[in-house]
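Each chain, written out:
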Amino acid sequence: MAEPPTPTEARGGQTLCPPLQGYCDLLVVGETPAGAAAAREGQRRGLRVALVTEPQGVSTSADCLLRHLGREGAQPGRSGGCDTGGNAACFHDRLAQWCSDAGPRVARKELARLGIVLLEGQPTFVGPNLVEVDGREVRFRRAVLAFRGSAMPDPGGLPAAEPLRPDVLFGLDDLPRRAAILGSGPQACMWAQVLRRLRCDVILVCREPSILSEQSALAAAVVERQLAREGVQLLTGCAAVAVQQTGSQQMLILRRQGQQEKRFVDRVFRPLRSAPDLESLRLDRAGVTVSHRGIDVDDSLRTANRRIFAASGFGREFDQPQMAAALARFCAANAFRFFPRPVNRALFPRFVWTDPEIATVGLTPIEAAGRQIRIDSYRVDIPEAAATALDDSQEGFVIIYTRHRTGRILGATAVAERAGDLIGPLGLLIARGISLDELAEGAACLPSRLVLIAEIAEYYRRNHPRSRWHILADKLHARWQRVRRHS
């Protein structure tokens, strides 16, 4: 297949994006996958785009690396798995192969071929529409902030525990035989599963009664059973008191139900929370306000400076790497709209990258109750469709939340292997205001994961017969169509 033409070749020698001469239409701050997505969106619109780069280039998301290594590289019982047996050689080989396939050089080459100007250096805002990159001043019409947040330790964690970062795991010469993770949440669960599939005995210690307190109880229970099935020791309602070094091992002192316990492990990790590094940017000079949560943005992700939009560094609601690229494209498009559109939550699902995955989109029952919206829930368990679509799935479900007595889809939760394949189409249905009754008119190809959604729609249609007013409206519409054909 021939490569697409360069910007110079696209219009007979006329560049789509003229060279940068101290001015650009769109400035993207942050050489991340989200920053690259925003730059491509600006180039697609024929704008002069500049991307502030970093020495290491566009990086691959750590979540993608961990998911790939945990699922394909070292999962017990799967073909092509890598039995490390505590030796990190196979693990590092798989990591090097993955990084070479999605390396920064390929991304930079692609961005340069598209005509996007790469500015390497540390950006510092000088004025509302002026930024300085290593002594070079660049003016911009609009700017998108898509930088990566710096990892900060959990304030409730023990200082003696090692930070739970990818570079700590990737830099180990030998993988630990026994490890303890102090904390809960998606990151801790994902790391616990990856380390366990790398033949490491893992203890997951969390203060809360659930390892995924922000998720629904049904979804968290499925992940808990899967982790316990794989051999992860779950200690819920347990607090870590201290970590002491005893020779080549570490002694972890825990308090559980008023009693102290001792566990001996090789390494103790604590989760990190992502926080944006805003001091070096000097956003105050650009008129961008910052609070304790991060950058202050409105519903359209625009900051206090109307020229600058933020795709990262604000709140926890959208603070997930998999949302970054979609938010960055949204900001790049919104920056040049006369009336910026508000961000639609239905188009940005939230994920927990365990196996099975947890994917949520739209409203949840707790959010619906807070807004005083009555909802109906429709659930289908994955084993019911395993014979036709999901032969290898043992446990999981899909729940669709609709407005009461209307069938209009408001939200959904999927707990399954590759749950994102299911939640993505549901987000589009929510954004378009599609009801289960309308969804049942289509047909899902078999075998397919979409058969789960089709089964819920078919169940709704069977148990919610159309009213006489709907039937009368259909008859009138059919008669009107016949009149139009004969006229």
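Calculation rules
- For every chain, the first residue of its written sequence is number 1, and the numbers climb from 1 along that sequence.
- Reporting of local features is limited, given that this is a predicted model, to residues whose pLDDT is at least 70; pairs of side-chain atoms are given and counted only at 80 or more, and all residues count toward the totals for whole chains, interfaces and linings.
- Each side-chain value is worked out from all heavy atoms of the structure, with water and hydrogens disregarded.
- Only centres within 6.5 Å qualify two rings of Phe, Tyr or Trp (six-membered ring in Trp) as a pair; their planes then separate them into stacked at under 30 degrees, edge-to-face at over 60, and tilted for everything else.
- Helical segments are the DSSP runs of H or I of at least four residues, strand segments are the runs of E of at least two, and each set is numbered from the N terminus.
- The buried label applies to any residue whose accessible area, calculated with a 1.4 Å probe on protein chains only, is under 20% of its type's maximum; exposed applies above 50%, and partly exposed to all values in between.
- Paired strands, in this sense, are two strands between which DSSP finds at least two bridges.
- Call a crossover right-handed when, viewed with both strands pointing away from you, the route from the first strand across the helix to the second goes clockwise.
- By this rule, a helix spans an expected 1.5 Å times one less than how many residues it contains.
- Lines fitted to the C-alpha atoms define the axes, with helices restricted to the stretch that makes contact. Angles between their N-to-C directions range from 0 to 180 degrees.
- The contact definition used throughout considers only heavy atoms, calling two residues in contact when any of these lie within 4.5 Å.
- Here a polar contact is recorded for every N or O atom pair within 3.5 Å, except that within protein the pair must consist of a potential hydrogen donor and a potential acceptor, and residues adjacent in sequence are included only if both atoms are side-chain atoms.
- For every residue, the predictor reports its confidence as pLDDT, a number between 0 and 100.

### Some points on the packing of aromatic side chains
Next up, step 1: Taken as a whole and assessed by the stated rule, the structure comprises six aromatic pairs.
Next up, step 2: When the centroid spacing of 6.2 Å and the interplanar angle of 85° are considered together, the rings of phenylalanine 125 and phenylalanine 140 count as edge-to-face. Taken together, the positions of phenylalanine 125 in strand 4 (residues 123–127) and phenylalanine 140 in strand 6 (residues 136–145) put the pair 15 residues apart, joining distant regions of the chain. A single burial state applies to phenylalanine 125 and to phenylalanine 140, both of which are buried.
Next up, step 3: Ring geometry for phenylalanine 338 and phenylalanine 339: centres 4.7 Å apart, planes at 90°, overall edge-to-face.
Next up, step 4: Phenylalanine 339 gets classed as exposed once you look at its relative accessible area, which sits at 66%.
Next up, step 5: Three or more aromatic residues joined by ring pairs form one cluster here, namely Tyr378, Tyr459 and Tyr460.

### Considering the pairing of strand 1 (residues 23–29)
Next up, step 1: Burial analysis of strand 1 places six of its seven residues in the buried class, which makes it a mostly covered element.
Next up, step 2: Where strand 1 lies against strand 6, six bridges are found, and the strand directions are parallel. Across the sheet, valine 29 pairs through a bridge with leucine 145, a residue of strand 6.
Next up, step 3: As judged from the four bridges shared by strand 1 and strand 2 (residues 49–53), these two strands associate in the parallel manner. Bridge pairing in strand 2 places valine 29 opposite valine 52.
Next up, step 4: Between the parallel pair strand 1 and strand 2, the chain is carried across by helix 2 (residues 33–44), and the sense of this crossover is right-handed.

### Some thoughts on helix 2
Next up, step 1: When the terminal C-alpha atoms of helix 2 are compared, their 16 Å separation across 12 residues agrees well with the 16 Å that a helix rising 1.5 Å per residue should span.
Next up, step 2: Counting buried positions over the 12 residues of helix 2 gives nine, a clear majority of the element.
Next up, step 3: Inspection of helix 2 places Ala34, Gly35, Ala36, Ala37, Ala38, Ala39, Glu41, Gly42 and Gln43 among the buried residues, and these make up the whole buried set.
Next up, step 4: Positive phi appears at glycine 46, one or two residues downstream of helix 2, with a value of about 75°.

### Considerations on the sheet that holds strand 14 (residues 259–265)
Next up, step 1: The strand order 12-13-14 describes an open sheet built from three strands, whose pairing is antiparallel. For this open sheet the edge positions go to strand 12 (238–246) and strand 14, each flanked by a neighbour on one side alone. Between one strand axis and the next, the sheet turns by 25° as a mean value, whatever way the strands run.
Next up, step 2: Bridge analysis of strand 12 against strand 13 (residues 249–256) gives eight bridges, and the strand direction is antiparallel. By the bridge assignment for strand 13, valine 243 is matched with leucine 252.

### Considering the sheet that holds strand 24 (residues 409–416)
Next up, step 1: A sheet is described by the order of its strands in space; here five strands give the open sequence 20-21-24-23-22, paired in antiparallel fashion. One side of each edge strand has no neighbouring strand; the edge strands of this open sheet are strand 20 (350–352) and strand 22 (375–381). Taken pair by pair, the neighbouring strands of this sheet meet at an average axis angle of 10°, ignoring direction.
Next up, step 2: Two elements, strand 20 and strand 21 (residues 357–362), share three bridges in a ladder whose sense is antiparallel. When the sheet's bridge partners are listed, arginine 350 is paired in strand 21 with threonine 360.
Next up, step 3: Across the face of the sheet, helix 13 (residues 451–463) comes into contact with strand 22 and strand 23 (397–403) while running at roughly 130° to strand 22.

### Structural notes on the side chain of aspartate 355
Next up, step 1: Positionally, aspartate 355 belongs in the loop between strand 20 and strand 21.
Next up, step 2: Exposure remark for aspartate 355: the relative accessible area of 9% places this residue in the buried category.
Next up, step 3: A distance of 3.3 Å separates a polar atom in the side chain of aspartate 355 from a polar atom in the side chain of arginine 197.

### Focus on the confidence of the model for the chain
Next up, step 1: For the chain, the mean per-residue pLDDT works out to 79, and 76% of the residues sit at or above 70.
Next up, step 2: Averaged over each element, pLDDT in the chain is lowest for helix 1 (residues 7–10) (43) and highest for strand 19 (residues 308–310) (94).
Next up, step 3: Note that residues 1–17 has pLDDT below 50 and, in this model, 22 contacts with residues that lie over four places away or in other chains.
Next up, step 4: For the stretch residues 73–82, pLDDT sits under 50, and the model shows 24 contacts to residues farther than four places along the chain or on other chains.

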